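Fold and geometry: a report
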Amino acid sequence: NCGSLMQTPTGISKRNPAAMKNRIPANRLGAGVSGTTWSALPLVLLALALGAWLASPASAADNKSTLRRGTANELRSLDPQAVIGNSGGALMYELFEGLVTEDRDGKLVPGASESWSRSDDGLTYTFKLRQGLRWSDGVPITAEDFVYSWRRVVDPKNALRGAGTLFPVRNAVAITRGKKAPESLGVKARDALTLEVSLEDPAPYFTDILAGFPTAPVPRHVVEKYGSSWTKPGNIVGNGAYILDKWVPNTYYKLAKNPNFRDARQVSIDEVFYYPIPDRNTGEKRFRAGELDVVLNIPPNRLAWLRKNMPDELHSTSALGIRYLIINTKRAPFTDIRVRKALSIAIDREIIAARILKDGSEAAYNLVPPAMPRYGRNPAPFSSQPYPQRLDEAKKLLAAAGFSSSKPLRFTLDYQNLEDGRRVAVALQSMWRSMGADVQLTTTGFENKDTSMRNGDFDVSWFTFYAPYSDATAFLYLLEANNARNYSKYSNPEFDEMLRAANRMHDPVERAAFLKKAEQLALSAYPVIPLFVPSRTYLVSKRVQGWDDRMDTHMARYLSIKD
């Protein structure tokens, strides 16, 4: 069965920069300007203003269409197979393109491939690459580039975060465990434009995975030349609609249109600037000052004002993501399931969503968000119990585990250093105090969080995860024994086998019901505590055309600027 669809985006005309004007009323000109005549002064000021405009990194005075976006954090890497943090996804989709991509309506369509087919048993995919594909430096792209890239991502010596996305591919899991060589991965180039992929099981979501950036190709000739420095400006080479032109640390990333992109003629915006802005209040202020065209995540205490005063610029959607707590199941006293259960049932999630966040976020009792297609809700059994009853049970569980007023449960909660993170952490501290726990709050910098969690150097930690593809397994794999993001170290062979069995199911209704059972099995051990499904809020300038709230990636290649 052929799984390909073809689409050519419609053309978008480039904007014309507005002419600059500088009029200074004579009655506002003061004396004392040395060496300048009154008639020449406006020209001097105009020249100074023009010079300042040209010095601005986001200048459009060179007749280029420019989009200015705020992003949450500075990235530790621009390697699509190693990038950390959900905010990195936006840049990755600009710089790299996999075999599959999304069109402007969010539908899966061919990307670097022009078509694909699947064998009757669902175990073999054959991809035909587009002719004439080139890296941004002009070097041709071939099927061997995908073979190299996929072997690289699963090679355990590289310890790349994207490895888990390729687990459906034959031998991928064994390779990441060091039991087989990377060359045994089920991917091969039959010729320069034909890629054959063999799967362990007929994972029905496989093409969804290929639309994510971890499976995009990386340029072997550049990676091997520059090593870990291959993603620096001047070195980095990609195959996306844009290429990194400049990177000023902690200030901005400047992306320039890639003339070698396969569909460059349909890309309207010439330059995209990403400004790392960890503080949400700063992002909102810069947007209102006209410095930014798009800002992700709005301060909750500003939402009511923005809804009233800037309704056309405020966009809010329910994300395929989850904010949850990870419990270190290998560290006492969290090795005791009674302690883990007490922590979970003592949380009033409705209070957190409705009274603390107040931004459209939804209380969550399961790991998979209800917006996941073909899945729906799967709440924990205790979710229907009245909160006072749950709190009473939590106290009894702690007592049975050996804790009391003279020997309280003491631990540290590491939370996200954002406004809503702080307020939620304080609420959790209060709720746990009500059951007899003494909780210390701390926050780890973004750069160090991944390392500390990988090393098991935490008690309970706040975490956010957004699905890289539209299937429940994207979330359930967070609890698979060998997944790099299974920071709780939960391990259950029965659960792992259920995930594999689900990959062999073809009926979507039967498969969803089976995955719900797998989720309940894992959550009954309380290795993680789902808190809420976050609402994703944006401020989008009216000058940005083509923004669609149904989309998740909002790639600049599908947008245009109108002044």
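The model shown is predicted, which means the values in this text are computed figures rather than measured ones.

1. Considerations on the overall build of the protein chain
For the protein chain, the helix and strand inventory stands at 16 helices and 21 strands. Split into buried and exposed, the 563 residues of the protein chain put 55% on the buried side. Nonlocal contacts in the protein chain, meaning residues at least 24 apart in sequence, comprise 69% of its contacts between residues at least 6 apart.

2. Some points on the environment of V528
When you line up the elements, V528 lands in strand β18 (residues 528-533). Residues V528 and L479, spaced 49 residues apart in sequence, show a C-alpha to C-alpha distance of 8.8 Å. If near-sequence neighbours (up to four positions away) are discounted, V528 is found in contact with Y324, L325, I326, L367, L479 and L523.

3. So, the environment of V173
By the element assignment, V173 lies in helix α4 (residues 172-176). V173 gets classed as partly exposed once you look at its relative accessible area, which sits at 23%. On a C-alpha basis, the gap between V173 and V154 in space is 8.1 Å, while along the polypeptide they are 19 residues apart.

4. Regarding the pairing of β18
Summarising burial for β18: six of the six residues are buried, a large majority. Both strand β13 (residues 321-327) and β18 contribute to a ladder of four bridges, which runs antiparallel. Bridging across to β18, R323 finds its partner in F532. Strand direction decides the pairing type here: strand β14 (residues 362-363) and β18, joined by two bridges, are antiparallel. Opposite E362, over in β18, you have V533 as the bridge partner.

5. Quick notes on unusual backbone geometry
With an omega of 5 degrees, the peptide bond running from A332 to P333 counts as cis. Of note, P333 is situated in the loop between β13 and α9 (337-345). Positioned with a positive phi, N250 is a non-glycine residue whose angle comes to about 60 degrees. Along the chain, N250 turns up in the loop between β8 (242-248) and β9 (252-257). The class of N250 is exposed, set by a relative accessible area of 62%. At K489, a residue that is not glycine, the phi angle is positive and equals roughly 65 degrees. Locating K489 in the fold gives a position in the loop between α14 (473-476) and α15 (493-502).

6. Examining the side chain of S488
Within the secondary structure layout, S488 lies in the loop between α14 and α15. A distance of 3.0 Å separates a polar atom in the side chain of S488 from a polar atom in the side chain of N486. Engagement of the side chain of S488 in a polar contact is seen with the backbone nitrogen of Y490, the distance being 3.2 Å. Excluding anything up to four places from it in sequence, S488 contacts I326, I327, N328, T329, K330, L479 and P527.

7. Structural notes on the pattern of salt bridges
Any two side chains of opposite charge can pair if their charged atoms end up close together. Counted by the stated rule, this structure contains 30 salt bridges. Here D438 ties to R410 by a salt bridge, and the two come within 3.1 Å at their closest N and O atoms. With D438 in strand β16 (residues 437-442) and R410 in strand β15 (residues 409-414), the pair connects residues that are 28 residues apart, well separated along the chain. Take D438: its relative accessible area is 38%, and that puts it in the partly exposed class. For R410, a relative accessible area of 56% corresponds to the exposed category. One network of salt bridges, in which partners are shared, links K64, D245, K254 and E271.

Cut-off values and rules
Residues numbered from 1 in each chain as written. Predicted model: local features only at pLDDT ≥ 70, side-chain atom pairs only at ≥ 80, totals over all residues. Heavy atoms only, no water. Helix = DSSP H or I, 4+ residues; strand = E, 2+ residues; numbered from the N terminus. Buried < 20%, exposed > 50% of the residue type's maximum accessible area, 1.4 Å probe, protein only. Contact = heavy atoms within 4.5 Å. Pairing = 2+ DSSP bridges. Polar contact = N/O pair within 3.5 Å; in protein donor to acceptor, adjacent residues only side chain to side chain. Salt bridge = Lys/Arg side-chain N within 4 Å of Asp/Glu carboxyl O.

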